[in-house]
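# Chains, contacts and geometry: an overview
Here is how the chains run, residue by residue.
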Amino acid sequence: ETEGESIGLEAMYAQMFELLLAIVGSPRLSKCIRPVVTQMAYTCIAYMQMTATQVESWASNANAYVADEEEETFTARVSGELLLEEIVTSLGGTEVLMEVFTAVEQRFEETAQVLYPKTEPASPLLEQDQEDSPACKRAVLMREAAMVALGVLAPHIMQLTTRKCTKGSTKRSRSMDASDAKTMPSRMEAILSCMIKYDLQRAHKSPFLAGRALWAASKLSSLLEPAQADVLLQAACAGIHSSLPPPVRIGACRALVTLLPSISKHTAAVAAAATQAAPAPTAQQGSSAGGADRNVGAAAGAAAAVAKLAPFLPHLYSGLVLLLGECCDESLHLVLETLAVVLRLDPQGAVVLQYLPQVASPVLDVWAKNVADPLISEDALSVLGVIAQQPACLQPLAQQLLPTLTSVVFNPGSQSSIMLEGCLQMLRLLVLTPKRVSPEAAVTAAVSSGLCPLLPPPEPTASPEQQQAHHELRSQQVRQLQQQVQQQQHQLQLGVAQQVHVSVLQALLRLISSSDDPGVQQSAQQLLCQLIRTGRADLLSWGGADPQASVQALVLAAQHLLRPGTDEGCGALAGDLVFEMLTSFPAHLMAPYLPELLKQVVSRLVTVNSSPLVCGLLMVLARLAHTDHNALITTLASMTVTLPGGQTGCALDASLAVWLDRCEELQGRYHLTLAVTALGLLLESSHPRLEQVVVKGRRLDVQQGVKTRSQVQAAGGEKYNMVPAPLKILALMGDLLAGVQETGDCIRGTDGSTDDSESEGEEEEGAFEEYGSEEELEDLGEGEVDAATYAEDKMGAFLKDNHQDEGAGGDVMLHEGEGGDAPAGDPIARVRLSSWLPDFFVRLSLTLPGQQLLQAAGAHAMTARQLSAVRKPIDASRLTNPPQ
């Protein structure tokens, strides 16, 4: 080096690969590489071999084996993987992939000739001599490197085998793709067969080869024949055994993470197809009949998958638990991930229930030892959460965990704040409201538990009328099973929540009133909110308590969090706590405390800035508006609060300004719907005091084009016109409606929503790519573009992000962490903003005051985008129902 220090050989190789990566990634220089792709890939595999130091370190240390491979280090091995990936992606095309695959194939053939000669040795001693020969040792290292290269190519190979020729591709490329797609399965078959037949049998002789073969074959599991997949599954399950070297056990874990879900899915699909071989219901028989058949088919598939995997589960549980005790750091992540995958394939917890103490206790120990590590502790909590989701395991798990967790919560000074926070989070896992049971899950539970026998499919010779009657009976049975299983799970959950409540409530209230640690406070408040959400009014009398005294104790805790001097982090969920009480408890018990609570809520709302705290407080106002909007306006109008500057002001003016300014920060479809429909109620009340509230309206300083934030500051900051609150409400709803119209594919009316979580995540990921995040814009410095110039209001994009799928039957279930679950029986849960917003504007346009309000909003508060969105449903309504 220029500083006089020597450079190691591997470091020099890594730098050489960096240069090659730059050349391959350059459109101008990559032309030099294109003619020699196969030769370059062939040579690259040789540089990817394990070094002698790595072999010595990894052979006995599972953690080093995982850490060194997953860590982003500049080694020849990692750099070689990056180079192969760059060649396939940058040079592109099927032809390049096939050339790289040819190099991998060549390495496999060469090493197979050395390791697996066609002529068998004359004696075992001669075979042992061959195993220990330098040629065989070199072949093992080279073959292992070829498997790593095959793993790099696996996603591209899978894409090639499933690719369909597109219209845009040329005739020559289409013919090449078709030809390669036909030859690839046979070529892969030869490699996979050799790996399964020979490499997997070398667990003791060549543990690195056996472990890598498990990993590589699992990445290509969809190309395996059923018999090959079974052999691979058996080898992976056997590889967990404690007597095998670490490389085999780590390779088995990696394989199981991919292989188990793949085999389960394939088995279920085959069984479901066989079950649904009966004639499908006709259109006259209705979609519900077809849905019942599909549910029964899915249940049959799930049962077949369980039957196939159940024999392996006890061995997997015991092997993974043993491996937990031997691993640390990075390898623990892998083992916990594998354990979570195995648990998810044990529906209803039928198998793990038999081994629950042996499984849960080691996971709890791992969590306790690594509670300060946010990654490992989160993985351990995730495993315990998966166990808690199994109905059969919830009660025994609670009995096992509650004594330890309760002792920590009752003696907070004896443990660190991190341990206390973790125990509160674990208690919350036990009382989480179970998600809605799907029809197929209900049928699966009924079949596995013997709840009731299912009706068989209709006879093929049955008349159409008989088939229709049979399908209707099946549909009715599925619905009954769904309700029955849901009720059973709810009762189980309620029983555990009651145990937790009776055990820790007093300690929980003491923590909320005394702790100054934000993490502990938020975990305690989350647990208390979840207890109220699960137990609802029943919670007030649990443990023989007096309901009035219970409400008083909870209200005092909320009032403590709403005090002006409370740290915003410590009181972050004060609004959520009040909201849960208003939603869950009888009105007559809450009524005596409402005036003081409302004053504290508004006083806190106008002085804090923390988004979670503001959103929770806004939900309280929205809930009260749905209870009695006129009374809310009148009460707030007569109330004065202290503003941030120290002066006093009207509570209605101050709270409504914050509500309209920060409504976009609300999380979850239910909370957004509750807040927007509450604003609609306020607007439709035509309360005279509402007209007197003046808030920020349309942004004025962006009308002359895009400006940087520096230019905005130089011009005196952002400038808004001031408008009456009703006009701002209409502008806010207009922006929401524009978002609905622009994302109509993901937000639908009550006739059905088929958006799944994966597509939803994709939408969420790119929702703000148009103008970038605020942090990204700040990094741009002087040339940064103000986000407001691209999107004057983010509510439309936010609505798209926070849309949640609607379950069968119209029951909306919100995911945990996204605004909470919708309370049972709440009519707001069934409101679809995609239908409610157009109806609201059409209804408003039918009255003269409404027309005047819309005209004023269009002139002073709405943007052109918002105004156009509002006009569409109104114009469509006039075409459908022209005025007489």
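For the structure, see preceding data.
These notes cover the structure that comes with them. Note that the coordinates shown come from a computational prediction; the quantities given were computed from them, not determined experimentally. (Residues numbered from 1 in each chain as written. Predicted model: local features only at pLDDT ≥ 70, side-chain atom pairs only at ≥ 80, totals over all residues. Heavy atoms only, no water.)

## Overview of the overall build of the chain
In terms of regular secondary structure, the chain is built from 38 helices and 4 strands. Looking at the chain residue by residue over its 884 residues, the buried ones come to 50%. Taking contacts inside the chain between residues at least 6 apart in sequence as the whole, the part at least 24 apart equals 77%. (Helix = DSSP H or I, 4+ residues; strand = E, 2+ residues; numbered from the N terminus. Buried < 20%, exposed > 50% of the residue type's maximum accessible area, 1.4 Å probe, protein only. Contact = heavy atoms within 4.5 Å.)

## Notes on the environment of Gln 741
For Gln 741, the location among the structural elements is in helix α32 (residues 725-742). Measuring from C-alpha to C-alpha, the distance between Gln 741 and Lys 872 comes to 9.5 Å, with 131 residues separating the pair along the chain. Aside from chain neighbours lying at most four places away, what touches Gln 741 is Ala 869, Lys 872 and Pro 873. A distance of 3.0 Å separates a polar atom in the side chain of Gln 741 from the backbone oxygen of Ala 869. (Polar contact = N/O pair within 3.5 Å; in protein donor to acceptor, adjacent residues only side chain to side chain.)

## Focus: the packing of helix α27 (residues 594-605) against helix α28 (residues 611-637)
The N-to-C vectors of α27 and α28 enclose an angle of 130 degrees; their axes lie 10 Å apart at closest approach. Viewed along their axes, α27 and α28 adopt a mutual orientation that is oblique. Once α27 is placed against α28, the crossing between them reads as left-handed. Contact with α27, carried on its side by Leu 594, Leu 598, Val 601, Val 602, Arg 604 and Leu 605, involves Leu 613, Val 614, Leu 617, Leu 618, Val 620, Leu 621, Leu 624, Leu 632, Thr 635 and Leu 636 of α28 and no other residues of that element. Of the residues assigned to the contact of α27 with α28, the class counts are 14 nonpolar, 1 polar and 1 charged. (Axes fitted to C-alpha atoms, helices over the stretch in contact; angles between N-to-C directions. Parallel < 35°, antiparallel > 145°, perpendicular 65-115°, else oblique. Left-handed = near helix turned anticlockwise from the far one by under 90°. Nonpolar A, V, L, I, M, F, W, Y, C, P; charged D, E, K, R; others polar.)

## So, the packing of helix α30 (residues 669-684) against helix α36 (residues 833-845)
At a minimum axis separation of 11 Å, α30 and α36 run at an interaxial angle of 10 degrees. Of the possible angle classes, the one that applies to α30 and α36 is roughly parallel. Contacts between α30 and α36 involve Leu 672, Thr 673, Val 676, Thr 677, Gly 680, Leu 683 and Glu 684 from the first element and Leu 833, Trp 836, Leu 837, Phe 840 and Arg 843 from the second. Its residues assigned to classes, the contact of α30 with α36 shows 7 nonpolar, 3 polar and 2 charged.

## A short note on helix α1 (residues 9-25)
Between its first and last C-alpha atoms α1 spans 24 Å; for 17 residues at 1.5 Å apiece the expected length is 24 Å, and the two agree. What α1 keeps buried is the set Ala 14, Phe 17, Leu 20, Leu 21 and Val 24. Viewed along the axis of α1, the buried residues span an arc of 120 degrees, placing them on a single side of the element. More than 90 degrees from the buried face of α1, the exposed residues found are Gln 15 and Leu 19. Buried residues along α1 sit in contact with α2 (30-33), α3 (37-47) and α6 (76-91). (Expected span 1.5 Å × (residues − 1). Arc of directions from axis to C-beta.)

## Description of the side chain of Asp 199
Residue placement: Asp 199 occurs in the loop between α10 (171-197) and α11 (207-219). A polar contact of 2.3 Å, which involves the side chain of Asp 199, links it to the side chain of Tyr 116. Among all residues touching Asp 199, those that are not within four sequence positions of it are Tyr 116, Arg 143, Met 147, Cys 194, Leu 209, Ala 210 and Ala 213.

## Quick notes on the pattern of salt bridges
For the structure shown, the criterion picks out 15 salt bridges. With a closest N to O distance of 3.7 Å, Glu 95 and Arg 34 form a salt bridge. With Glu 95 in helix α7 (residues 94-115) and Arg 34 in the loop between α2 and α3, the pair connects residues that are 61 residues apart, well separated along the chain. When the shortest N-O distance is used, the salt bridge between Asp 199 and Arg 143 registers 3.0 Å. Taken as a pair, Asp 199 in the loop between α10 and α11 and Arg 143 in helix α9 (residues 134-162) lie far apart in primary sequence, 56 residues in all. In this pair, the class of Asp 199 matches that of Arg 143, namely buried. One salt-bridge network, in which partners are shared between bridges, spans Arg 34, Glu 95 and Glu 99. (Salt bridge = Lys/Arg side-chain N within 4 Å of Asp/Glu carboxyl O.)

## What about the packing of aromatic side chains?
The tally for this structure, following the rule as stated, stands at 7 aromatic pairs. Relative to Tyr 47, the ring of Tyr 13 has its centre 4.9 Å away and its plane inclined at 75 degrees; by these criteria the two rings are edge-to-face. One end of the pair, Tyr 13, is in helix α1; the other, Tyr 47, is in helix α3, and 34 residues separate them in sequence. Ring centres of Trp 58 and Tyr 65 lie 5.4 Å apart, and the angle between their planes is 55 degrees; this geometry places the pair in the tilted category. For Tyr 65, a relative accessible area of 1% corresponds to the buried category. Joined through ring pairs, the aromatic side chains of Tyr 13, Phe 17 and Tyr 47 make up one cluster. A cation over a ring is seen here: Arg 107 above Tyr 42, with NZ or CZ 3.5 Å from the ring centre. If you follow Arg 254 out to its NZ or CZ, it ends over the ring of Tyr 65, 5.3 Å from the centre. (Phe/Tyr/Trp six-rings, centres within 6.5 Å; stacked < 30°, edge-to-face > 60°. Lys NZ or Arg CZ within 6 Å of the ring centre and 35° of its normal.)

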